[in-house]
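# Architecture at a glance
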Amino acid sequence: MSRPRLGYGTNGLTDLRLDDALTLLADLGYDGVGLTLDHMHLDPLAPALAARTRRLAHRLDTLGLSVTVETGARYVLDPRRKHGPTLLDADPDDRFARIRLLIRAVRVAADLGAHAVHCFSGITPPGTDEDTAWQRLADALGPVLEAAEDTGVPLAVEPEPGHLLATLAGFHHLRRLLGDPAPLGLTLDIGHCQCLEPLSPADCVREAAPWLRHVQIEDMRRGVHEHLPFGDGEIDFPPVLHALADTGYQGLTVVELPRHSHAGPELAAQSLRFLRDGGTR
């Protein structure tokens, strides 16, 4: 079995300065990093973004780390509303704020030589019917996909429990709604598969393979959306890792533990050992 290219998400290392986090991951032996654009690391809204991105690209190259850009920061746009505004908000100006952030993320990703840009739909606002929500999502992603096509960096949409686009079936609905554009890909979170997909996580990998552009991985229990360190949930990981190898997936597989920053360095080391050992408990 070929070895997966492993990364760790900076949203699980928010107590560290970005350079300290990157140095840690390189020293541990990670292949890359899932970089969440946020105020404590590479702030997408602060001045001199292009210059800061160039410095970061040089640092990643020096450390030998690949990168995927993630856009799941909780309060980067609105300090009082978690993940707000979204692509589904009723106010067009609110939707445009998220669109603008995603386009900026695509450009940052291109400058970093990233494999993909991750995003998600958001929760359907109260009082919004499903057809309207899907049309808003499709319309909002149009200019982001144009930027992705222009830069050659795929957009990898993540099915997120509780969101409009929550499952693989939802991803395929969006894909058909948009006319199956080439820049549109998929972020597959292995824990989310365990949480709510009808297929096993390994079968989800196989089903998603043609559109797979980014993978997030952690442990999880059925029906409970809680990202857990490896061994604390229910996932059988060896079949998942075999499925990723069998499908020929070449991107990063990024450990996603956003609520465990207090133990980030220790968990980064433990997670790497677990996955390098084949995911056996």
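Data block above holds the structure.
Notes on the structure in this doc start here. Every value quoted in this text rests on a predicted model; they were computed, and no experiment measured them. (Residues numbered from 1 in each chain as written. Predicted model: local features only at pLDDT ≥ 70, side-chain atom pairs only at ≥ 80, totals over all residues. Heavy atoms only, no water.)

## Observations regarding the environment of Leu228
- The residue Leu228 is located in strand S9 (residues 224–228) in this model.
- Classification of Leu228 as buried rests on a relative accessible area of 7%.
- Once you skip the residues sitting within four places of it in the chain, Leu228 turns out to touch Glu218, Asp219, Met220, Arg221, Gly233 and Leu257. (Helix = DSSP H or I, 4+ residues; strand = E, 2+ residues; numbered from the N terminus. Buried < 20%, exposed > 50% of the residue type's maximum accessible area, 1.4 Å probe, protein only. Contact = heavy atoms within 4.5 Å.)

## So, the packing of aromatic side chains
- Evaluation of the coordinates by the stated rule reveals 4 aromatic pairs.
- Considering the side-chain rings of Phe230 and Phe237, the 5.1 Å spacing of their centres and the 80° angle between planes classify their relative orientation as edge-to-face. Phe237 matches Phe230 in its accessibility class, with the two residues each being buried.
- With centroids separated by 4.8 Å and ring planes inclined at 10°, the aromatic side chains of Phe230 and Phe274 adopt a geometry described as stacked. Linking Phe230 in the loop between S9 and helix H8 (237–247) with Phe274 in helix H9 (residues 264–276), this pair joins segments that are 44 residues apart in sequence.
- Feature note: the residues Phe230, Phe237 and Phe274 constitute an aromatic cluster, connected by ring pairs. (Phe/Tyr/Trp six-rings, centres within 6.5 Å; stacked < 30°, edge-to-face > 60°.)

## As for the packing of helix H4 (residues 130–151) against helix H5 (residues 168–178)
- One way to put it is that H4 packs onto H5 with a least axis distance of 10 Å and a crossing angle of 65°. When the interaxial angle is binned, H4 and H5 end up roughly perpendicular. Remark: the crossing between H4 and H5 carries right-handed chirality. Residues Trp134, Gln135, Leu137, Ala138, Leu141 and Leu145 of H4 form the contact with H5, whose own contacting residues are Gly170, His173, Leu174, Leu177 and Leu178.
- Among the residues forming the contact of H4 with H5, the class breakdown is 8 nonpolar, 3 polar and no charged. (Axes fitted to C-alpha atoms, helices over the stretch in contact; angles between N-to-C directions. Parallel < 35°, antiparallel > 145°, perpendicular 65-115°, else oblique. Left-handed = near helix turned anticlockwise from the far one by under 90°. Nonpolar A, V, L, I, M, F, W, Y, C, P; charged D, E, K, R; others polar.)

## Side note on helix H7 (residues 201–208)
- Of the positions making up H7, those classed as buried are Pro201, Ala202, Cys204, Val205 and Ala208. End-on view of H7: buried residues confined to an arc of 160°, all on one side of the axis.
- On the buried face of H7, the contacting elements are H5, strand S6 (184–189), helix H6 (190–196), strand S7 (212–217) and H8. (Arc of directions from axis to C-beta.)

## Some words on the pattern of salt bridges
- Enumeration according to the criterion identifies 9 salt bridges in this entry.
- The residue Asp20 makes a salt bridge to Arg17 at a minimum N-O spacing of 3.7 Å.
- On the accessibility criterion, Asp20 (39% relative accessible area) is partly exposed.
- You can call Arg17 exposed: its relative accessible area is 65%.
- In this structure, Arg276 engages Asp31 in a salt bridge whose closest nitrogen and oxygen atoms are separated by 3.6 Å. One end of the pair, Arg276, is in helix H9; the other, Asp31, is in the loop between helix H1 (18–28) and strand S2 (32–36), with 245 residues separating them in the sequence. (Salt bridge = Lys/Arg side-chain N within 4 Å of Asp/Glu carboxyl O.)

## Focus: the pairing of strand S3 (residues 66–70)
- Along S3, 5 of the 5 residues are buried, which leaves the element largely enclosed by surrounding structure.
- By the alternation rule, side chains of S3 split into Ser66, Thr68 and Glu70 and Val67 and Val69, which are all buried.
- Pairing of S2 with S3 involves 5 bridges; the strand directions are parallel. Pairing of Val33 across the sheet is with Val67, part of S3.
- For the crossover from S2 across helix H2 (residues 49–63) to S3, the handedness is right-handed. (Pairing = 2+ DSSP bridges. Right-handed = clockwise from strand over helix to strand, strands pointing away.)

## Let's talk about the side chain of Glu197
- Within the secondary structure, Glu197 sits in the loop between H6 and H7.
- As a buried residue without a salt bridge, Glu197 has its nearest oppositely charged side chain in Arg222, at a separation of 7.4 Å. (Lys, Arg positive; Asp, Glu negative; His and termini not counted.)

## Concerning the environment of His41
- The residue His41 is located in the loop between S2 and H2 in this model.
- For the pair His41 and Thr10, spaced 31 residues apart in sequence, the C-alpha separation works out to 8.2 Å.
- Beyond its immediate sequence surroundings of up to four residues, His41 is in contact with Thr10, Leu13, Thr14, Leu16, Arg17, Leu18 and Thr36.

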